[in-house]
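# A closer look at the structure
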Amino acid sequence: MKILVTGGAGFIGSHIVDEYISMGYDVTVVDNLSSGNQHFLNPKAKFEKMDICCDKIQELIGDEKFDIINHQAAQVNKEYSSENPIEDARINIIGSINLLQSAVKHKVEKIIVASDSSAIYGEQYYFPAHENHQKRPVVPAGISQYTVERYLSYYWNNFRLKSISFRYANVYGPRQKYDSNKGAIAIFCKKILAGEDVVVYGTGKQTRDFIFVEDVVSANVQAVTSSFNHEVLNIGTAIETSINDIISIIKEKANSDISIINEPSELYDEVRTCLDIKEAKAVLKWEPLCDLDEGIDLTVDYFKSLDNK
Ligand SMILES: NC(=O)c1ccc[n+]([C@@H]2O[C@H](COP(=O)([O-])OP(=O)(O)OC[C@H]3O[C@@H](n4cnc5c(N)ncnc54)[C@H](O)[C@@H]3O)[C@@H](O)[C@H]2O)c1
């Protein structure tokens with residue numbers, strides 16, 4: 001099985017690559033390292049430093065004859081997308097179409113695509129949200145990722161290119177970036193372990209559906225062998241946890257008494273998010289196995305190990 005993983009030097013993509021390699025798949029990574037980390041690259045994967053929008057990727061797909069493309073590369077920053085909507089659309093929409101065109105031309109069997117549930121649903125009006133929940137993206141990054149889903153539907157209807165779009169919940173775990181405004185658990189782990197107070201935007205009562213990265217990986221593993229035509233699936237836990245509760249759990253594990261500093265809510269902060277995952281369970285025979293307690297333990301251990309290096 002030959003698989004191309006785009007964004008394979010990123011947080012989620014690099015974990016997917018590790019698992020695919022351990023399963024014996026022949027993996028090539030395409031990543032331009034714009035937000036990825038070269039140290040996360042699995043040495044057994046072939047690596048092409050390349051932008052998903054460039055023509056060379058079409059040659060690569062033609063030469064390598066991949067069975068599957070797993071597309072994790074994206075412009076993921078919501079604020080950046082508001083300030084730079086053209087660049088966001090270039091990467092997320094044009095880059096994805098570039099892959100889809102090549103996939104059809106070179107007879108790739110299926111494509112697995114990462115997407116962002118909160119950017120697509122916007123403010124939820126019922127909980128947990130089914131895939132049919134109204135789509136109310138409020139930032140260009142949500143509009144662009146939702147647009148890619150429409151293209152996947154087009155490519156299935158017209159060219160029989162099989163696809164899954166995974167609408168991830170809030171993913172956390174080792175390798176998550178902690179130096180941006182995204183990735184609450186990583187940021188809190190890093191701050192709390194350093195003995196620094198944490199800033200919470202809003203009351204901290206806002207909830208998220210937090211899923212451990214290995215559970216996201218297992219969905220991507222199931223997608224390799226499962227049979228499907230064109231699916232859009234939520235990947236989360238269906239459990240809501242507040243930001244305040246997350247901080248309490250990390251403080252307890254780190255034996256810390258740091259304080260929370262509340263600041264006014266950021267522009268694009270949903271009040272509650274939580275995903276219905278029945279469809280993913282049925283289609284993929286998948287379910288999340290790591291509970292929050294265990295997942296945060298593993299994440300805290302990871303950040304401790306970074307501090308010891
Ligand atoms: N992390 C989360 O909580 C979360 C939640 C919902 C959805 N997602 C989705 O999962 C996917 C992966 O996210 P992540 O958290 O691993 O982000 P990440 O930034 O760690 O990984 C993205 C990777 O794509 C690469 N990349 C970006 N633009 C590129 C381009 N033009 N050409 C080639 N490579 C490029 C980056 O260098 C990086 O390695 C994204 O589609 C994201 O929207 C993530």
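Residues numbered from 1 in each chain as written. Predicted model: local features only at pLDDT ≥ 70, side-chain atom pairs only at ≥ 80, totals over all residues.

The next point concerns the overall build of the protein. On a plain count of helices and strands, the protein comes out with 11 helices and 13 strands. A compact globule built from 309 residues should have a C-alpha radius of gyration of about 19 Å, and the protein, at 19 Å, falls within 12% of that. The C-alpha extent of the protein, read off along each of the three principal axes, is 55 × 45 × 40 Å. Across the 309 residues in the protein, those meeting the buried criterion constitute 46%. (Helix = DSSP H or I, 4+ residues; strand = E, 2+ residues; numbered from the N terminus. Rg over C-alpha atoms; globule rule 2.2 N^0.38 Å. Buried ≥ 20, exposed ≤ 12 C-beta atoms within 10 Å, placed from the backbone.)

What follows covers the site of the ligand. Near the ligand, the surroundings consist of 29 residues, among which Gly-7, Gly-10, Ile-12, Gly-36 and Ala-74 are the closest. Where the shell around the ligand is concerned, the elements lending two or more residues are helix 1 (11-22), strand 2 (26-31), helix 4 (85-105), strand 5 (110-116) and strand 7 (170-172). Here the shell around the ligand gets three residues from one element, more than from any other, and that element is helix 1. Residues belonging to the shell around the ligand are distributed by class as follows: 14 nonpolar, 12 polar and three charged. (Near = placed C-beta within 6 Å. Nonpolar A, V, L, I, M, F, W, Y, C, P; charged D, E, K, R; others polar.)

Residues Val-198 and Val-200 point to one face of strand 8 (residues 198-201) and are all buried, whereas Val-199 and Tyr-201, pointing to the other face, are not buried. By the bridge criterion, four bridges tie strand 8 to strand 13 (residues 260-263) in an arrangement that is parallel. Directly across from Val-200, in strand 13, lies its bridge partner Asn-262. (Pairing = 2+ DSSP bridges.)

With that settled, the discussion passes to the nonpolar core. Among the nonpolar cores identified, the biggest contains 82 residues, and Ile-111, Phe-166, Ile-185, Phe-188, Val-216 and Ile-235 are the most heavily contacted of them. Broken down by element, this core gets its largest block of residues, six residues, from helix 7 (residues 184-193). If we ignore the near neighbours within four places in the chain, the residues touching Ile-235 are Phe-166, Arg-167, Tyr-168, Ala-169, Ile-211, Val-216, Ala-219, Ile-277 and Ala-280. (Core = buried A, V, L, I, M, F, W, Y, C linked by C-beta atoms within 7 Å. Contact = placed C-beta atoms within 7 Å.)

Let's shift gears to helix 9 (residues 243-254). Counted at 1.5 Å a residue, the expected span for helix 9 with its 12 residues is 16 Å, and the 16 Å between its end C-alpha atoms agrees. Every buried residue of helix 9 is accounted for by Ile-243, Ile-246, Ile-247, Ile-250 and Ala-254. The arc that holds every buried residue of helix 9, seen down its axis, measures 95°, which confines them to one face. Taken together, the buried residues of helix 9 touch helix 7, strand 8, strand 12 (241-242), strand 13 and helix 11 (292-307). Positioned one or two residues after helix 9, Asn-255 has a phi angle of 50°, which is positive. (Expected span 1.5 Å × (residues − 1). Arc of directions from axis to C-beta.)

A separate point is the packing of helix 2 (residues 56-64) against helix 4. Contact geometry of helix 2 with helix 4 gives a least axis separation of 9 Å together with a crossing angle of 30°. As the angle between them shows, helix 2 and helix 4 are arranged roughly parallel. Between helix 2 and helix 4 the crossing geometry is right-handed. Across from Ile-57, Gln-58 and Ile-61 in helix 2, the residues of helix 4 making contact are Asn-98, Ser-102 and Ala-103. Of the residues in the contact of helix 2 with helix 4, the class split is three nonpolar, three polar and no charged. (Axes fitted to C-alpha atoms, helices over the stretch in contact; angles between N-to-C directions. Parallel < 35°, antiparallel > 145°, perpendicular 65-115°, else oblique. Left-handed = near helix turned anticlockwise from the far one by under 90°.)

Turning our attention to the sheet that holds strand 6 (residues 162-168). Reading across the sheet, the seven strands line up as 3-2-1-4-5-6-11 and stay open at both edges, with parallel pairing between neighbours. Of all strands in the sheet, those bounded by a partner on one side alone are strand 3 (46-49) and strand 11 (230-235). Averaged over all pairs of adjacent strands, the angle between their axes in this sheet comes to 15°, without regard to strand direction. Inspection of the sheet shows strand 1 (residues 2-6) paired to strand 4 (residues 68-71) by four bridges, in the parallel sense. Its bridge partner being in strand 4, Thr-6 is matched across the sheet by His-71. Along the sheet, helix 8 (residues 213-225) contacts strand 4, strand 5, strand 6 and strand 11; its crossing angle with strand 6, the most-contacted strand, is approximately 170°.

Let us look at the domain arrangement of the protein. According to the domain assignment, the protein contains domain 1 (2-171 + 211-236 + 275-289) and domain 2 (184-207 + 239-273 + 293-307). Averaged C-alpha coordinates put domain 1 and domain 2 at centres separated by 27 Å. Each side of the interface is counted separately: domain 1 has nine residues, and domain 2 has seven residues. Of the residues that constitute the side of domain 1 that touches domain 2, the class distribution is five nonpolar, two polar and two charged. (Domains from an automatic or database assignment.)

Attention shifts here to the environment of Leu-60. On the secondary structure map, Leu-60 appears in helix 2. For Leu-60, a count of 19 C-beta atoms within 10 Å puts it in the partly exposed group.

The next point concerns the packing of helix 9 against helix 11. Two elements in contact, helix 9 and helix 11, have axes separated by 10 Å at closest approach and are oriented at 55°. Classified by the angle between their axes, helix 9 and helix 11 sit oblique to one another. The interaxial crossing formed by helix 9 with helix 11 has right-handed handedness. Two secondary-structure elements touch here, helix 9 through Ile-249, Ile-250, Lys-253 and Ala-254 and helix 11 through Leu-292, Ile-296, Asp-297 and Val-300. Tallied by class, the residues present in the contact of helix 9 with helix 11 amount to six nonpolar, no polar and two charged.

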